[in-house]
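# Results of the structural survey
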Amino acid sequence: MTPAVIQLAAEAAERQSAEVTSFGARMAWVIGLAVFVAFVYWLMRQGWKWRGALQNDLPELPAAPDGLPAHRLALTGRYHGSTTAGQWLDRIVAHGLGVRSRVELTLTDAGLDVVRPGATDFFVPAAQLRGARLDKGIAGKVLTEGGLLVVTWAHGDQQIDSGFRSDRAAEHAAWVEAINSMNSSITTEGAER
């Protein structure tokens, strides 16, 4: 081999071998990224707490009374959250209303019993029910058209929309009809007095 060929082979070998990455530099980037992600999550948690503090004037949620009458309808599914009525992105987080969970809904003549394993249960008296509708979204959850049961109710001086999704979505229409018929009968009874 001639010296020129050897030199060309050495230059080719230098071009092919990559520089070895410094382990310390790589670890610094990984640690920096982890700190940044933790900081972003901390900011999100602070925002959640701040929103809860702003909604502190919302009264405590009522509990279901003992001896509820026989149920009209019952369903199991998911609770997706509550918002200010008519404002599907204004999530309410006070008193655990912003926590998604499994749900067992029971509609009786006394009202709507919302049992949420792992979250705060609450009861909506029949006089506080304002109506129900099928919708496609509520803060943080968007489904197909009519895929979400939204129940509007009054709590304190605020109107609230709560979103539910049954394990069997075909049940939603019966719930809308039952709650709206309860609401109209309560309204007409109040007007007659």
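These remarks concern the structure in this document. (Residues numbered from 1 in each chain as written. Predicted model: local features only at pLDDT ≥ 70, side-chain atom pairs only at ≥ 80, totals over all residues. Heavy atoms only, no water.)

For the protein chain, the helix and strand inventory stands at three helices and 10 strands. By sequence separation, contacts in the protein chain at least 24 residues apart represent 61% of the contacts at least 6 residues apart. Surface accessibility of the protein chain: about 11,900 Å² in total, with carbon and sulfur atoms responsible for 59%. (Helix = DSSP H or I, 4+ residues; strand = E, 2+ residues; numbered from the N terminus. Contact = heavy atoms within 4.5 Å. Areas by Shrake-Rupley, 256 points an atom, 1.4 Å probe, with all protein chains shown as cover.)

Moving on, we come to the packing of aromatic side chains. Under the criterion given, the structure shown has four aromatic pairs. Residues Y79 and F164 carry aromatic rings whose centres are separated by 5.6 Å and whose planes lie at 55° to one another, so their mutual orientation is tilted. A residue pair is termed long-range when its members are at least 10 positions apart, and Y79 in strand β1 (residues 71-84) and F164 in strand β10 (residues 158-166) qualify at 85 residues. Aromatic ring contacts, followed pair by pair, group Y79, F122, W153 and F164 into a single cluster. Stacked on the ring of Y79, the Lys or Arg R116 has its end atom at 4.4 Å from the ring centre. (Phe/Tyr/Trp six-rings, centres within 6.5 Å; stacked < 30°, edge-to-face > 60°. Lys NZ or Arg CZ within 6 Å of the ring centre and 35° of its normal.)

Let's shift gears to the pattern of salt bridges. Under the defined criterion, the tally for this structure stands at five salt bridges. Put simply, D109 and R72 hold a salt bridge, and the shortest N to O gap is 2.8 Å. With a gap of 37 residues between them, D109 in the loop between β3 (101-108) and β4 (111-115) and R72 in strand β1 connect regions that are remote in the sequence. Its relative accessible area of 48% is what places D109 among the partly exposed residues. We note a salt bridge from R133 to D161, for which the minimum N-O separation is 3.2 Å. A residue pair is termed long-range when its members are at least 10 positions apart, and R133 in strand β6 (residues 129-135) and D161 in strand β10 qualify at 28 residues. In this structure D161 comes out as buried when scored by relative accessible area, which is 4%. Residues joined in a network through salt bridges with shared partners are R133, D135 and D161. (Salt bridge = Lys/Arg side-chain N within 4 Å of Asp/Glu carboxyl O. Buried < 20%, exposed > 50% of the residue type's maximum accessible area, 1.4 Å probe, protein only.)

What follows concerns a nonpolar patch on the surface. A cluster of nonpolar side chains, L33, F36, V37, F39, V40, Y41, W42, L43 and M44, forms an exposed patch at the surface whose accessible area comes to about 930 Å². Here F36 lies in helix α2 (residues 23-54). Given the relative accessible area of 53%, F36 is considered exposed. (Patch = residues over 30% accessible without salt bridge, like charges linked within 9 Å, V, L, I, M, F, W, Y side chains within 5 Å.)

For S82, the location among the structural elements is in strand β1. Within the local environment of S82, its side chain forms a polar contact with the side chain of S162, the two groups lying 2.6 Å apart. Look past the residues within four positions of S82 in its chain and what remains in contact with it is D90, R91, I92, L97, I160, D161 and S162. (Polar contact = N/O pair within 3.5 Å; in protein donor to acceptor, adjacent residues only side chain to side chain.)

It is worth spelling out the environment of G140 at this point. Along the chain, G140 turns up in the loop between β7 (137-138) and β8 (141-142). A residue is classified by how much of its surface remains accessible, and G140, at 58% relative accessible area, is exposed. In this structure, the C-alpha to C-alpha distance between G140 and R91, residues 49 residues apart in sequence, is 8.6 Å. If we ignore the near neighbours within four places in the chain, the residues touching G140 are R91 and R100.

Let's shift gears to the pairing of β4. Here β4 lies mainly inside the structure; four of its five residues are buried. Alignment of β3 against β4, held across five bridges, turns out to be antiparallel. Within the sheet, the bridge partner assigned to E104 lies in β4 and is V115. Across four bridges, the pairing between β4 and strand β5 (residues 122-125) is antiparallel. Bridge pairing in β5 places V114 opposite F122. (Pairing = 2+ DSSP bridges.)

The phi angle at H95 is positive, at roughly 60°, despite the residue not being glycine. Mapped onto the elements of the fold, H95 is located in the loop between β2 (91-92) and β3. When its relative accessible area of 23% is taken as the criterion, H95 is described as partly exposed.

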